[in-house]
Amino acid sequence: MSIAAVAHLELRRLRVRPLAWLLAALTLGWLAWRYLFLLDTFMKMQVKLAAMADGPGFTDLVAVPLLAELLQLSFVVVPLMTMTLIASDRRQGTLPLLLSTGQPPSHIVLGKYLAALCWLALWLLLALAMPLALAGSVHLDLDLGKLAAATLGCALMMATLAAIGIACSAFTSQAALAAVAALIIALALWTVNSGARAAGVEGGFLDWLAMSTHLQIMARGVVGTNDIAWFGIVIVVSLALASRRLADERGRR
Amino acid sequence: MTTTRVLLRMAGVARRRAGRVAVDDLNLSLARGEVLGLLGVNGAGKSTTLAMVAGALRPDAGTIELDGQDFIDRPEIGRQLVGWLPETAPLWPELTVREHLQASASLRGLRGKAPVEAVIERLALGPMARRVAGVLSQGQRQRLGLACALLHDPALLVLDEPANALDPVQTAELRSIIAERAAAGCAVILSTHVLAEVTAVCTRAAILHQGRLRHDGPLTSDADRQALDKTFFTIATSAEAA
């Protein structure tokens, strides 16, 4: 009940926040342009592809690469979307007001997280609508299993970035600082294994720790519990840290 | 109906803020229907005390009981029982006045439009109901903050400098609302710098000084009101000397 109330409040704020609309418009415009580029390349390759017995199709050459573009944008967009979620409440003095309504800190964090997920889900669906609409209208062969796995990976990564963003937002009253911290943490998680890989070491703990490892597996159409657990752990830890920080807020000197 | 049952009881409450003692060994109780004026010079600890009473801050030591229950361990009981107007009414600048009230109602667990419409009517917020909070004047922000505090008909109303930026008509209206709430059995704590504000509406006055309670007495007669004036200045000037 109180999670829903906080989520509803946050969605109302997101609805009228120019940054949310601006980010959506700019990124979807960019994705549409990239989609046309990918589609053009796919069309030009038709003769070659027809000669291949088991060559890549629309899913491999257009839909999944479009999701990869979306993921690259997520590294910037998600921290920008989440940076104000708690930091602005602290800055405006509305955080003590929220705490005084007797909401448990975890409910405040979860409510805000849910609101961010709603926005991100809409963003993902609009991006996904481009290849799906074309595939549906001209009856292209879609590898639905692979696309579903890639979409799930994309959704999980955005959910993870949002959780990291909220955790960073909980620790500061400076929204810009929260965005930069979230971006740095996300990039660190993405590239944590690059040094080991460059040295030829693969399959170790650093590989498991890296976000890229789990996402690349899903992009190939394979969904494993190990990968889902990785995203789940990062989300839970991030949200727990944010809740803990808010709980400390009442006792802060 | 007014009863004399104690609603709020603070015992040995202490709180440090920004590296200094803001409130120290505070013992205070408040019954339903009482209107307590909390006086003190700047930095006396009034706002910290009220933030603790509202559940926004946790004391470092001591106990706070609200309606017989431990308010420190169970801050959720404040959701229905406490309405708080902080010193500068904190608002979400993107939301309209009506959306603010609807959000506050949801956060307090209220359902339906009736509580929101009732408070809009009572505080005459109708003409500005569609305006976003970010463009409201200071006085209008204060009225909206007061509306959010009154929305759920709390048993304890905590007002920190509520007359800030209000014009004389709005100040008179505020006094009438406080009297109305007290008559309905609500306990009210009113923090202010203005002695006249306390003598006009309060049934009791307390003076905080350097975080400690220096005076707590009734305000039922003219003699009490005149004595308060003298007591306050005695404490305030001793503070300056210290």
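Up top is the structure.
Residues numbered from 1 in each chain as written. Chains lettered and ligands numbered in written order. Predicted model: local features only at pLDDT ≥ 70, side-chain atom pairs only at ≥ 80, totals over all residues. Heavy atoms only, no water.

Peer 1: Please provide a residue-by-residue account of the nonpolar core, values included.
Peer 2: Core analysis: the largest hydrophobic core is formed by 81 residues, its most contacted members being Leu-70, Trp-119 and Trp-123 of chain A. In terms of residue count, helix H8 (residues 144-170) of chain A provides more of this core than any other element does, 15 residues in total. Ignoring anything within four residues of it in the chain, the contact list for Trp-119 of chain A reads Leu-14, Ala-20, Leu-23, Ala-24, Val-77 and Met-81 of chain A. Membership of the second largest hydrophobic core comes to 44 residues, among which are Leu-125, Leu-166, Val-201 and Phe-232 of chain B. (Core = buried A, V, L, I, M, F, W, Y, C linked by side-chain atoms within 4.5 Å. Buried < 20%, exposed > 50% of the residue type's maximum accessible area, 1.4 Å probe, protein only. Helix = DSSP H or I, 4+ residues; strand = E, 2+ residues; numbered from the N terminus. Contact = heavy atoms within 4.5 Å.)

Peer 1: Kindly report on the sheet that holds strand E8 (residues 187-192) of chain B, identifying the contributing residues and their values.
Peer 2: Residues and elements named next belong to chain B. The six strands lie next to each other as E6-E7-E8-E3-E9-E10, forming an open sheet whose pairing is mixed. Looking at the sheet topology across the chains shown, the edges are occupied by strand E6 (82-85) and strand E10 (212-218). The mean inter-strand angle of the sheet, taken between neighbouring strand axes irrespective of direction, is 15°. Relative to E8, strand E3 (residues 35-39) is paired through five bridges, and the arrangement is parallel. Note on E8: the bridge partner recorded for Val-35 is Val-188. (Pairing = 2+ DSSP bridges. Axes fitted to C-alpha atoms, helices over the stretch in contact; angles between N-to-C directions.)

Peer 1: Which residues make up the pairing of E3 of chain B, and what values do they have?
Peer 2: Residues and elements named next belong to chain B. Counted residue by residue, E3 has five buried out of five residues, so it is predominantly covered. Relative to strand E9 (residues 204-209), E3 is paired through four bridges, and the arrangement is parallel. Considered in E9, the bridge of Leu-38 is made with Ala-206.

Peer 1: For the sheet that holds strand E2 (residues 20-31) of chain B, give the residues involved together with the corresponding values.
Peer 2: All names here are of chain B. One open sheet holds the four strands; their spatial order is E2-E1-E4-E5, and the pairing between them is antiparallel. Unpaired on one side and paired on the other, E2 and strand E5 (69-70) mark the two borders of the sheet. Taken together, the two bridges between strand E4 (residues 61-66) and E5 define a ladder with antiparallel strand orientation. Bridge pairing in E5 places Glu-65 opposite Asp-70.

Peer 1: Talk me through the state of the cysteines; I want residue IDs and the actual numbers.
Peer 2: All names here are of chain A. Counted under the stated rule, the structure contains zero disulfides over all chains. Left unpaired, Cys-118 is separated from the closest cysteine sulfur, that of Cys-154, by 17 Å. Using a relative accessible area of 42% as the deciding quantity, one classes Cys-118 as partly exposed. (Disulfide = S-S within 2.5 Å.)

Peer 1: I'd like to hear about empty space enclosed by the protein, residue by residue, with values.
Peer 2: Counted by the stated rule, this structure contains four cavities of 30 Å³ or more. Roughly 90 Å³ of internal volume is contained in the largest cavity. Considering the residues around the largest cavity, the lining is formed by Leu-97 and Thr-101 of chain A together with Trp-84, Trp-92, Ser-104, Leu-107, Arg-108, Cys-148 and Ala-149 of chain B. Of the residues assigned to the lining of the largest cavity, the class counts are six nonpolar, two polar and one charged. (1 Å grid on protein atoms, 1.4 Å probe; cavity = no way out; pocket = protein on both sides within 12 Å on 5 of 7 lines; lining within 4 Å. Points joined across faces, edges and corners; volume = space filled by probe spheres on them. Nonpolar A, V, L, I, M, F, W, Y, C, P; charged D, E, K, R; others polar.)

Peer 1: Please give an account of the pattern of salt bridges that cites residues and values.
Peer 2: One pass over the full model with this rule turns up 26 salt bridges over all chains. Close ionic contact of Asp-89 of chain A with Lys-112 of chain A constitutes a salt bridge, the shortest N to O distance being 2.4 Å. In this pair, Asp-89 of chain A is assigned in helix H5 (residues 84-92) and Lys-112 of chain A in helix H7 (residues 105-138), connecting sequence segments 23 residues apart. Summarising the burial analysis for this pair, Asp-89 of chain A and Lys-112 of chain A share the class buried. Arg-74 of chain B serves as the salt-bridge partner of Glu-76 of chain B, at 3.3 Å between the closest nitrogen and oxygen. Residue Glu-76 of chain B is classed as partly exposed on the basis of its relative accessible area, which comes to 33%. Salt bridges sharing partners connect three or more residues here, namely Glu-10, Arg-13, Arg-17, Asp-89 and Lys-112 of chain A together with Glu-94 of chain B. (Salt bridge = Lys/Arg side-chain N within 4 Å of Asp/Glu carboxyl O.)

Peer 1: Kindly report on unusual backbone geometry, identifying the contributing residues and their values.
Peer 2: Residue and element names in this part refer to chain B. Positive phi is not limited to glycine here, since Asp-25 has a value of about 45°. Position of Asp-25 among the secondary structure elements: in strand E2. Notably, Asp-153 is not glycine yet its phi reads approximately 55°, a positive angle.

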